[in-house]
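Listed here are the chains, written in short residue letters.
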Amino acid sequence: MPHPASSVRFAVVGDIHVTKDSAGKLRAFFAQASDAADALLLCGDLTDYGTAEEAHVLVEELAAVKVPIVAVLGNHDYESGTPEVVVEALTHAGVKVLDGEACEIEGVGIAGAKGFAGGFGRGSLGAWGESVIKLFVKEAQQEAMKLESALAKLRTPHRIALLHYSPIAGTVAGEPVEIFPFLGSSRLEEPLLRYPVNAVFHGHAHRGTMEGRTINGVPVYNVAKPLLQRSRPDQPPFRLYEVPREEPQAEPEEQPAPGMPHAVTLP
């Protein structure tokens, strides 16, 4: 697809769940996403068990991508207890992995964090009772603080928030209600109410809903690859999102200092 000169186009997807048997099976998909966009954004669960072998396969498949790649990790990338091996492999391959950090792609700011569970609205788990419950809630609070810290670093007019867990209940609707508390947390929505963003992307909820909105109306997109494949079988399983490209500002003409005469040309 031709890239419009007036906008920056992002291809966004999560929950790829690369295994050791994925070698050679995803290059065409990644190449298609690369051809369609100016950058590729990955919303976690990039591997299935977070092993070094899976990370190596992932990097080999991503070699087909010729545009910048920005990613956050998901819970599956932590399964083996060594998320750092996934981060190291991706970073070595030139992927920018965000964990409470921010970056900029063609004038668009991107803030990223994994996020965490805990429930939504009145159903949010509180830090009360056993110490293990308090630790659980503390993890959710820390992930929300990471997102807020990343958003606070951005000075760009257009901004995107990248997560794995959902900040709203709307995009996990379709999953069994009993597991809603494990699919995201309203605590992740709080920074999005304080710092304006154009859009939020997350994965994790394979049977959720593709679109929703925060309390203040910011669009939230669930880009879990299984959800996109099932909901839009006639389209590639990634979401294309365009952000208006900022026009370069003209340099102001230099003015003479007060009291200094303008230059004149003598005959």
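Residues numbered from 1 in each chain as written. Predicted model: local features only at pLDDT ≥ 70, side-chain atom pairs only at ≥ 80, totals over all residues. Heavy atoms only, no water.

*Asks:* Looking at this structure, how should I read the packing of aromatic side chains?
*Replies:* For any two aromatic rings, the description comes down to two numbers: the centre-to-centre distance and the angle of the planes. Following the criterion strictly, the structure yields seven aromatic pairs and no others. Seen from their ring centres, F201 and Y241 are 5.4 Å apart, and the 75° between their planes marks the pair as edge-to-face. Placement of the pair is F201 in strand 8 (residues 199-202) and Y241 in strand 11 (residues 239-244), with a sequence separation of 40 residues. Residues F201 and Y241 agree in their burial class; the two are buried. Consider the rings of Y221 and Y241, whose centres lie 6.0 Å apart with planes at 55°: the pair is tilted. In this pair, Y221 sits in strand 10 (residues 219-222) while Y241 sits in strand 11, placing the two residues 20 residues apart along the sequence. Members of the aromatic cluster, each reached through a chain of ring pairs, are F29, F30 and F238. Sitting over the ring of Y78, K114 keeps its end group 5.3 Å from the ring centre. Looking at K225, its charged tip hangs above the ring of F29, at a distance of 5.1 Å from the centre. (Phe/Tyr/Trp six-rings, centres within 6.5 Å; stacked < 30°, edge-to-face > 60°. Helix = DSSP H or I, 4+ residues; strand = E, 2+ residues; numbered from the N terminus. Buried < 20%, exposed > 50% of the residue type's maximum accessible area, 1.4 Å probe, protein only. Lys NZ or Arg CZ within 6 Å of the ring centre and 35° of its normal.)

*Asks:* Which parts of the structure should I look at to understand the pairing of strand 5 (residues 101-105)?
*Replies:* Remark: a regular strand shows side chains that alternate across the two faces of the sheet. Bridge count between strand 5 and strand 6 (residues 108-112): five bridges; the pairing is antiparallel. When the bridges of strand 6 are listed, E104 appears paired with G109. In this antiparallel pair of consecutive strands, strand 5 and strand 6, the connection spans two residues, and E106 shows a positive phi of 50°. (Pairing = 2+ DSSP bridges.)

*Asks:* What's the story with the pattern of salt bridges in this structure? I'm lost.
*Replies:* Pairs may arise between side chains of opposite charge once their charged atoms sit close together. Applying the stated criterion across every chain yields a total of seven salt bridges. A salt bridge links E106 to R245, with the nearest nitrogen and oxygen atoms 2.4 Å apart. Residue E106 is located in the loop between strand 5 and strand 6, and its partner R245 is located in the segment after strand 11; the two are separated by 139 residues in the primary sequence. Judged by its relative accessible area of 41%, E106 falls in the partly exposed class. Of the residues examined, R245 reaches a relative accessible area of 28% and is grouped as partly exposed. The partner of R194 in a salt bridge is E148, with the nearest N and O atoms 2.7 Å apart. (Salt bridge = Lys/Arg side-chain N within 4 Å of Asp/Glu carboxyl O.)

*Asks:* Whenever I open this one, the sheet that holds strand 10 confuses me. Can you help?
*Replies:* Sheet strands associate in pairs through backbone hydrogen bonding, adopting either a parallel or an antiparallel arrangement. The six strands lie next to each other as 5-6-7-8-10-9, forming an open sheet whose pairing is mixed. Looking at the sheet topology across the chains shown, the edges are occupied by strand 5 and strand 9 (211-213). Here the strands of the sheet are splayed against their neighbours by 25° on average, with no regard to which way each runs. Examined bridge by bridge, strand 7 (residues 158-162) and strand 8 share three bridges and lie parallel to one another. Paired with L162 across the bridge in strand 8 is F201. Strands strand 5, strand 6 and strand 7 of the sheet are contacted by helix 4 (residues 131-153), whose axis makes an angle of about 165° with strand 6. (Axes fitted to C-alpha atoms, helices over the stretch in contact; angles between N-to-C directions. Contact = heavy atoms within 4.5 Å.)

*Asks:* Could you clarify how one ought to interpret unusual backbone geometry in this entry?
*Replies:* A negative phi holds for most residues other than glycine; trans holds for most peptide bonds. Look at D15: it is not a glycine, yet its phi comes out positive at around 60°. Tracing the sequence through the fold places D15 in the loop between strand 1 (7-13) and helix 1 (27-36). Phi is positive for D45, which is not a glycine, with a value near 50°. Mapping D45 onto the fold places it in the loop between strand 2 (39-43) and helix 2 (52-62).

*Asks:* Even after reading the chapter, I still don't get the nonpolar core, so can you show me in this structure?
*Replies:* Considering soluble globular proteins, one finds that nonpolar side chains tend to be buried as a cluster. I16, F30, L40, L42, L62 and L90 are the most contacted members of the largest nonpolar core, which has 28 residues in total. Those elements that provide at least two residues to this core are strand 1, helix 1, strand 2, helix 2, strand 3 (69-72) and helix 3 (83-92). Looking at which element gives the most residues to this core, the answer is helix 2, with five residues. Apart from the residues lying within four places of it in its own chain, the contact partners of I16 are L26, F30, L42, G44, D45, L46 and K225. Counting 25 residues, the second largest nonpolar core, distinct from the first, contains V12, I160, Y221 and V223. (Core = buried A, V, L, I, M, F, W, Y, C linked by side-chain atoms within 4.5 Å.)

*Asks:* Looking at this structure, how should I read the sheet that holds strand 11?
*Replies:* Pairing is mixed across the open sheet formed by five strands, whose spatial order is 4-3-2-1-11. The sheet is open, and its two edges are formed by strand 4 (96-97) and strand 11, each paired on a single side. Taken together, the four bridges between strand 1 and strand 2 define a ladder with parallel strand orientation. Paired with A11 across the strands is L40, a residue of strand 2.

*Asks:* Help me understand the side chain of H204 in this model?
*Replies:* In this fold, H204 is placed in the loop between strand 8 and strand 9. Judged by relative accessible area, which is 13%, H204 ranks as buried. In this structure the side chain of H204 is engaged in a polar contact, spanning 3.2 Å, whose partner is the side chain of H164. Within polar-contact distance, the side chain of H204 engages the backbone oxygen of F182 at 3.2 Å. (Polar contact = N/O pair within 3.5 Å; in protein donor to acceptor, adjacent residues only side chain to side chain.)

So yeah, pure geometry; function would need other evidence.
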